Amino acid sequence: MTPRTGTTVPTTAPTTGTAPGTAHRPARWVRTRLRANPLAALLMAALAFVAVFLAAAFPRIADRGADTALQDFVGHKGLNQTSLQTTSKTRDDDKAAELDRVQRQLTEMVGRQLTLTQSGQAYGARALGDRGMGNPEYDRFAERRTDPALGLLYLHDLAARATLTDGTWPTPGAAGGPLPIVISEKAAESIHIKLGDVIDNGTEGSGAKRTTVVVGLYQVNDPQDPFWEELGCPARACLRADPEHEHWMTSGFVDGDSLPALARWGSNAENFWRLPVDAASLHADQLDRTRGILSSFLTGRDATALADATRRPDLHTSSGLPEILNRADDRYQASLPLSTIGPAAVAGVATVVLFLAAALTTDRRTAEIRLLQARGGSRAGVLRRLIAEGAVTVLPATVLGTALALVLLPTPRWDRAVLAALAAALIALLAFPARAALLWARRRPAGGRRRLVGELAVLAVTAAAVAEVRHRGVGTGSGPDPLLVAAPLLLAVTGGLLLARIEPVVVGRLAALVGRGRGLIGFLGLARAARDDSGRRRPSALPLLALVIAVTTTGFGATVLDTIDHARTRAARIATGGDIGVSLPGYATLSESFTKAADALPGVRASTAVWVEPNARIVGADQRYTEAYLIMVVDPAAYAEIARTLGAGEFDPAKLAGAAGGRDTPVPALVSRDLAERLAAGSSQVRTPNGNDLRLAVAGTVGATPALPDPGKPFAVVPAGPAWERLPDAKRVNQWFAVGEIDPEGVRTALRDNGGVQPTGLAKMIADDAAAVGKAVRGLPAGYTVHSSRETVAELGDDPLQHAAGRLFRYSGAAGAGFALLAVLLTLFRAAPDRTAVLARLRTMGLRPRQGLALIVAEALPRTLVAAVGGGLVAVAAVALLGGAFDISTLVGARVGEVVTPALMPVLLPTAGLALLVGLGVVLETLVAGRRQIATELRAGEQS
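The structure presented is a predicted model; accordingly, all values stated were derived computationally and were not measured.

Chemist: It is not clear to me how the packing of helix α8 (residues 321-364) against helix α11 (residues 415-437) should be interpreted in this structure. Could you clarify?
Modeler: Relative placement of two packed helices is described by the angle separating their axes and the distance separating the axes. Between α8 and α11, the least distance of the axes is 8 Å, while the angle of their chain directions is 35 degrees. Note on packing geometry: the crossing formed by α8 with α11 is right-handed. Here Thr351, Leu354, Phe355, Ala358, Ala359, Thr361 and Thr362 of α8 come into contact with α11, specifically with Ala424, Ile427, Ala428, Ala431, Phe432, Arg435 and Ala436.

Here's what the structure looks like:
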């Protein structure tokens, strides 16, 4: 019977051997729930681990790429440009020991804030003026008879980088006597200096003679070592070929205790200390701090502290590193939007997948949660239990995923990675409790008004973001532009919501059409696809949204990378003047045997030799002249084909068809637009530096030409045949261009075997001097260059900054595709109970297993196809709307005018690949899990 209110119901004490105080306690709820379904807990932990690991990994990958790009960019600028150059006037009491002391103090004070490299450090003193060597037996050029020049330095620890070959190292000289020096053995051979020579270096202002005595000869251990940059000409005799006089120049070295004598010899001298900053110690996220430190050492408080500590008030420090860091930062900021879009898209898809997993768990445990509520559980209490249950699986996965990302991807910066991992962990932890909390919400009538308002809000935000990006372009502030990064993702979300509205209507109409036929499988699959998992005609937008975001961002990223590749190829071809270009120095001429051999190489589609005269003068009818390039083309038809292939200065070759005639007969010419305006008044002629005149007839205008992709001043292109008839002494060529699939090594071989005229006299000395410093490459003389667009593309693309951006795009595409596949599988799992029951009933009515597989595929296929096609269209729309806001010059490696434009294949290939991947995943899930679930459903009710 039911007791009345207020009465106490008696209870029976346990009598079966239970001791007092040891009443049965219920098992802990979290442990019970995890034991009840360990597979679900394990899968949730795996999903949280993947999401957290990727969230922590992407910032680390971006940081590593940015650091590598910065270090590579700075490291390639040379030792001198990346060093702190400190100077001070040489005093009368300065000696080597004083310079050592200052070096120690500078290294200590600068090294506290900047990491210095030991290998490039150099210090010493240099005379501020070079002096001639007036000994009559020394070598001079016959044209000018200018004395060779000598520069003097003291260099700390010279003996460690040079080997004495004859004589001794210098010592302090006697007062009033010659200053003892050592010079390089190669310089002595070139200038004819002998050991023991007393060199006449002119006179001082007082009339006293300056003299030096050669006490030793040495050989530099490694002349190509960057250590020797800006330290004169220590390894050999350098050729100084300035317009006024050509002469030899070399450097000599004095003893460390001869610094006052060095200052008197050069009328003045300065001490120098070079402190190279270690490029490997620079980090992109610390650029502002590094620039602040440099600024302080150059002109700020630290500069004053250095002067005070060294007791040298005139101490001055300079460096090219701040400007290099500014340029590196500009490059990084330009690439940042392109590097951030991919990870942002992955974050969006992962968030959708986590909410889908939460919805699946909520559907599976709705009855349990309502039972807890019915038995008196409070909302807060139930949510606390759900959060505690999730914490047991999510938190260990978070710690493991974050730790793994930090260990596998080492970089000093860890805060962004940890924050991203915490954000992913919070979503994974709170998604299920938040979805469960909706079970207590009051059910509203199914009108869809709230959903419509939300979708319209997303549409308005997207339109505003796109309009703002198109209006102002890429943000110029530091850090990624949030609007530019969010715009593609917002477009994908808007497209997904729109497709979620359209898909049920389209699929429902298609199901009605298929239902008129005789087959049942297609109709059932399409009819189920038109409904959501609970059978209502309003499917969830989350699965479709995940697919559309993945397809859109993958297609967008593929289009950007494809545009970069095409722009880089075009920039390389324009810089080369074709696919292959050969250029010679001004003193050389390409032989006819080379042009014939090169024209016959495999893969040559069109080729021609040309003569480029950079110092021509175009004289108009008013007798006023204009400095211009003159280009004589041997084969105008081939040159027109090269211009058409490059898209630079296309013209009709018939315009350069010149008729034979006398010297006064004009030659047809293509001129630059600025020159065409100058010559519009009447007849004109071109005058070459050797005094030849050639009359011109303007046949057309072009903005550029393959031989001069970036001319910088006016130019005229004329056919070589008619020009040579009028100017026989101008019959020579110094460049050759071709387009086609040509092996550059074959061209180099042809050039080596059939080379042009070799230089003589001063030109030969210039060539030999260039070869001495390593400017001769691949067995060709100095100045003989073979340009290949293929090699130029490789050089332009050999940039860690470009590799890092492309790597992020590819990683993001792979991660987005994986999460999209997971979203489809979760959708199938969510609908599995209802679908399994339907298939089991159909099996009892004769449905074959193969037809069951076809039914599942027909149910999942429409959403996949809609997402693939719709996502591809959204990707094309995103490129069309936002492509103009991206500056791809940094990722191309050269300044280009191209913008990101829609293209079919870059969108089609990843879209088709993602659709195929999802389709295979659906089939695999059906084959693995579908049969077992159907068999279990058919055995329902059997006794074990």
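Continuing now.
Chemist: Hey, could you run me through the state of the cysteines in this one?
Modeler: Defined simply, a disulfide is a covalent bond joining two cysteines at their sulfur atoms. The full count for this structure, using the stated rule, is one disulfide. The disulfide partner of Cys233 is Cys238, and the gap between their sulfur atoms is 1.6 Å. Taking the sign of the torsion about the S-S bond as the criterion, the disulfide between Cys233 and Cys238, at about 85 degrees, is right-handed. Comparing Cys233 with Cys238, the two get one shared label, buried.

Chemist: Got a minute to help me understand the pattern of salt bridges in this structure?
Modeler: Close approach of charged atoms allows side chains of opposite charge to pair. Enumeration according to the criterion identifies 25 salt bridges in this entry. One salt bridge in this structure joins Arg568 and Asp565, with 3.5 Å as the shortest N-O distance. With Arg568 and Asp565 both in helix α15 (residues 542-576) and three residues apart, the pair spans about one turn of that helix. The shortest N-O distance in the salt bridge between Arg748 and Glu745 comes to 3.0 Å.

Chemist: How should a nonpolar patch on the surface be read in this particular structure?
Modeler: On the surface, a cluster of nonpolar side chains totalling about 340 Å² of accessible area is made up of Leu498, Ile502, Val505 and Val506. Structurally, Leu498 can be placed in helix α13 (residues 482-515).

Chemist: Help me understand the environment of Thr115, please; the structure alone is not making it clear to me.
Modeler: Within the element layout of this structure, Thr115 appears in the loop between α3 (96-111) and β2 (122-127). Discounting residues that sit within four places of it in the chain, Thr115 has contacts with Pro276, Val277, Asp278 and Ser281.

Chemist: Where do I start with the side chain of Thr398 in this structure?
Modeler: Inspection of the secondary structure assignment puts Thr398 in helix α10 (residues 379-408). Overall, Thr398 belongs to the buried group, its relative accessible area being 7%. Non-local contacts of Thr398, meaning those with residues more than four positions away in its chain, are made with Val52, Ala421 and Ala425.

Chemist: Mind showing me how you'd approach the packing of helix α2 (residues 38-75) against α10 here?
Modeler: At a minimum axis distance of 8 Å, the contact between α2 and α10 shows a crossing angle of 30 degrees. The handedness of the crossing between α2 and α10 is right-handed. Taken together, the residues of α10 that come into contact with α2 (itself represented by Ala41, Met44, Ala45, Ala48, Phe49, Val52, Phe53, Ala56, Ala57 and Arg60) are Thr393, Val394, Ala397, Thr398, Leu400, Gly401, Thr402, Leu404, Ala405, Leu406 and Leu408.

Chemist: Which parts of the structure should I look at to understand the nonpolar core?
Modeler: Looking at soluble globular proteins, one finds that nonpolar side chains tend to be buried together. Judged by nonpolar contacts, the single largest core of 66 residues is most densely connected at Val349, Val353, Ile549, Phe819, Leu914 and Val922. When residues in this core are grouped by element, the largest group, 13 residues, is from helix α23 (residues 800-844). Those residues in contact with Val922 that lie beyond four places of it in its chain are Val824, Leu825, Leu828, Ile856 and Ala860. Counting residues in hydrophobic clusters, the runner-up holds 55 residues, among them Phe141, Leu282, Ile293 and Ala328.

Chemist: What is the right way to read unusual backbone geometry from this model?
Modeler: Glycine aside, the phi torsion of most residues is negative, and most peptide linkages are trans. Positive phi values are uncommon outside glycine, yet Glu230 reaches one of about 60 degrees. Among the secondary structure elements, Glu230 is positioned in the loop between β8 (209-220) and β9 (238-241).

Chemist: Any chance you could explain the pairing of strand β14 (residues 604-619) here in plain terms?
Modeler: Two faces make up the sheet, and in a regular strand the side chains alternate between them. The buried fraction of β14 is high, at twelve of 16 residues. Both β14 and strand β20 (residues 735-740) contribute to a ladder of six bridges, which runs antiparallel. Along β20, the bridge assignment pairs Ala606 with Val739. Pairing between β14 and strand β15 (residues 625-633): eight bridges, direction antiparallel. Within β15, the residue paired with Ala616 across the bridge is Ala628.

Chemist: So what exactly am I meant to see when it comes to the packing of aromatic side chains here?
Modeler: A ring pair, where both rings are aromatic, is described by two values, the distance of the centres and the angle of the planes. Per the counting criterion, the structure on display carries five aromatic pairs. Look at Phe49 and Phe53: their rings are 6.2 Å apart centre to centre, the planes differ by 20 degrees, and that puts the pair in the stacked class. Of the two residues, Phe49 and Phe53 both sit in helix α2, four residues apart, roughly one turn of that helix. Exposure remark for Phe49: the relative accessible area of 23% places this residue in the partly exposed category. According to the relative accessible area criterion, Phe53 is partly exposed, its value standing at 21%. Between Tyr218 and Phe253, the aromatic rings sit 6.0 Å apart at their centres with planes inclined by 65 degrees, giving edge-to-face as the arrangement. Of this pair, Tyr218 sits in strand β8 while Phe253 sits in strand β10 (residues 246-253), and the two are 35 residues apart along the sequence. For the pair Tyr218 and Phe253, a shared accessibility class is recorded, and that class is buried. Seen from the ring of Phe272, Arg126 lies directly overhead, with NZ or CZ sitting 4.2 Å from the centre. Taking the ring centre of Tyr629 as reference, the NZ or CZ of Lys713 above it sits at 4.7 Å.

Conventions and cut-offs
- Residues numbered from 1 in each chain as written.
- Predicted model: local features only at pLDDT ≥ 70, side-chain atom pairs only at ≥ 80, totals over all residues.
- Heavy atoms only, no water.
- Axes fitted to C-alpha atoms, helices over the stretch in contact; angles between N-to-C directions.
- Helix = DSSP H or I, 4+ residues; strand = E, 2+ residues; numbered from the N terminus.
- Left-handed = near helix turned anticlockwise from the far one by under 90°.
- Contact = heavy atoms within 4.5 Å.
- Disulfide = S-S within 2.5 Å.
- Buried < 20%, exposed > 50% of the residue type's maximum accessible area, 1.4 Å probe, protein only.
- Salt bridge = Lys/Arg side-chain N within 4 Å of Asp/Glu carboxyl O.
- Patch = residues over 30% accessible without salt bridge, like charges linked within 9 Å, V, L, I, M, F, W, Y side chains within 5 Å.
- Areas by Shrake-Rupley, 256 points an atom, 1.4 Å probe, with all protein chains shown as cover.
- Core = buried A, V, L, I, M, F, W, Y, C linked by side-chain atoms within 4.5 Å.
- Pairing = 2+ DSSP bridges.
- Phe/Tyr/Trp six-rings, centres within 6.5 Å; stacked < 30°, edge-to-face > 60°.
- Lys NZ or Arg CZ within 6 Å of the ring centre and 35° of its normal.

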